[in-house]
Amino acid sequence: MAVNLTDLSLPQLEGLKTQLDQEIEFLTSSIGQLKVAQTKYVEAKDSLNVLNKNNKGKELLVPLTSSMYVPGTLNDVETCLVDVGTGYYVEKSVEDSKAFFKRKIDFLTKQIVEKIQPALQEKHAMKQAVVEVMNVKIQQLQQSQQSSQMVGTTSA
């Protein structure tokens, strides 16, 4: 059911604007979170390039935490463990891992471009329409107040 914005009162319009602001903030935040996840997948996919026959047997530092590393040797350049979510890891070939990360990147891109950005643009347009109607109503209110003041001053 569509509602004509001009039929709403200023407090109702203000409430609608506040609701749209919250929805815009949520959608913007969602895009940011999806882009962070997308970046992690891109970095993971790019880091798979290290797993090649030329690097087999090379020494490297293995992270234990974000600030602690131990020395290690790269023995297996054919497979890796991939975090597939909720604490599950699957051993995959390097090529399968790249394909997995590409699918994840493509899925996130599709979510952002096809679903969230259009919804965000729609919310911005709705907010703009609400603000325009609010401005018209405020102008009308000010004009009616000025005309009532003029009527009051001419009769005095």
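Calculation criteria
- Just so you know, the residues in each chain are numbered from 1, in the order the chain's sequence is written.
- Given that this is a predicted model, residues contribute local features only at a pLDDT of at least 70 and side-chain atom pairs are listed and counted only at 80 or more, while totals for whole chains, interfaces and linings are drawn from all residues.
- Side-chain metrics rest on all non-hydrogen atoms present in the structure, leaving aside hydrogens and water.
- UniProt positions are given in the numbering used here, feature names are shortened, and annotations may be inferred rather than shown by experiment.
- What counts as a helix is a DSSP run of H or I of at least four residues, what counts as a strand is a run of E of at least two, and both are numbered from the N terminus.
- It is over C-alpha atoms that the radius of gyration is taken, and the globule rule equals 2.2 Å times the number of residues to the power 0.38.
- Between buried and exposed lies partly exposed: a residue is buried under 20% and exposed over 50% of the maximum accessible area for its type, with that area taken using a 1.4 Å probe on protein chains only.
- Per-residue accessibility takes into account occlusion by the displayed protein chains alone, with areas from the Shrake-Rupley method and a 1.4 Å probe.
- We count a salt bridge whenever a side-chain nitrogen from Lys or Arg sits within 4 Å of a carboxyl oxygen from Asp or Glu.
- To estimate the expected span of a helix, subtract one from its residue number and multiply by 1.5 Å.
- Note on ring pairs: Phe, Tyr and Trp rings are taken, using the six-membered ring of Trp, and paired if centres are within 6.5 Å. Classes follow the plane angle, with under 30 degrees stacked, over 60 edge-to-face and the rest tilted.

- For the chain, an unreviewed UniProt entry supplies the name Prefoldin subunit 5 and the organism Xyrichtys novacula.
- The UniProt entry for the chain carries the following comment under Function (unreviewed entry): "Binds specifically to cytosolic chaperonin (c-CPN) and transfers target proteins to it. Binds to nascent polypeptide chain and promotes folding in an environment in which there are many competing pathways for nonnative proteins. Represses the transcriptional activity of MYC."
- Note on the chain: under the UniProt heading Sequence similarities (unreviewed entry), the record states "Belongs to the prefoldin subunit alpha family."

**Quick look at the overall build of the chain**
- Across its full length, the chain holds 2 helices and 4 strands.
- Going from N to C terminus, the chain has its helices and strands arranged as α-β-β-β-β-α.
- The C-alpha atoms of the chain give a radius of gyration of 29 Å, which is well past the 15 Å a tight globule of 156 residues would have.
- The proportion of buried residues among the 156 residues of the chain is 19%.
- Accessible area for the chain stands at about 11400 Å²; split by element, carbon and sulfur atoms hold 56% of it.

**Observations concerning the pattern of salt bridges**
- Tallied over the full model, the rule gives 5 salt bridges.
- Between Asp 21 and Lys 17 there is a salt bridge whose closest N-O contact spans 3.4 Å. Here Lys 17 and Asp 21 lie together in helix α1 (residues 10-47), a separation of 4 residues that amounts to about one turn.
- Overall, the relative accessible area of 27% leaves Asp 21 in the partly exposed class.
- Between Asp 21 and Lys 127 there is a salt bridge, with the nearest N and O atoms lying 2.8 Å from each other. Taken together, the residues span a long stretch of sequence, with Asp 21 in helix α1 and Lys 127 in helix α2 (residues 94-154) at a distance of 106 residues.
- Exposure remark for Lys 127: the relative accessible area of 24% places this residue in the partly exposed category.

**Examining α1**
- The terminal C-alpha atoms of α1, which comprises 38 residues, lie 55 Å apart, in line with the 56 Å expected from a rise of 1.5 Å per residue.
- Those residues of α1 that sit buried are Leu 13, Leu 20, Ile 24, Leu 27, Ser 30, Ile 31 and Gln 38.

**Observations regarding the packing of aromatic side chains**
- Here the structure, examined in full by the defined rule, presents 2 aromatic pairs.
- Ring geometry for Tyr 41 versus Phe 101: centroids 6.0 Å apart, planes at 40°, classification tilted. Placement of Tyr 41 in helix α1 and of Phe 101 in helix α2 is noted, with a sequence separation of 60 residues between them.
- The exposure class of Tyr 41 is partly exposed, given its relative accessible area of 22%.
- For Phe 101, a relative accessible area of 9% gives the class buried.
- When the centroid spacing of 5.4 Å and the interplanar angle of 70° are considered together, the rings of Phe 100 and Phe 101 count as edge-to-face. Of the two residues, Phe 100 and Phe 101, both sit in the buried class.

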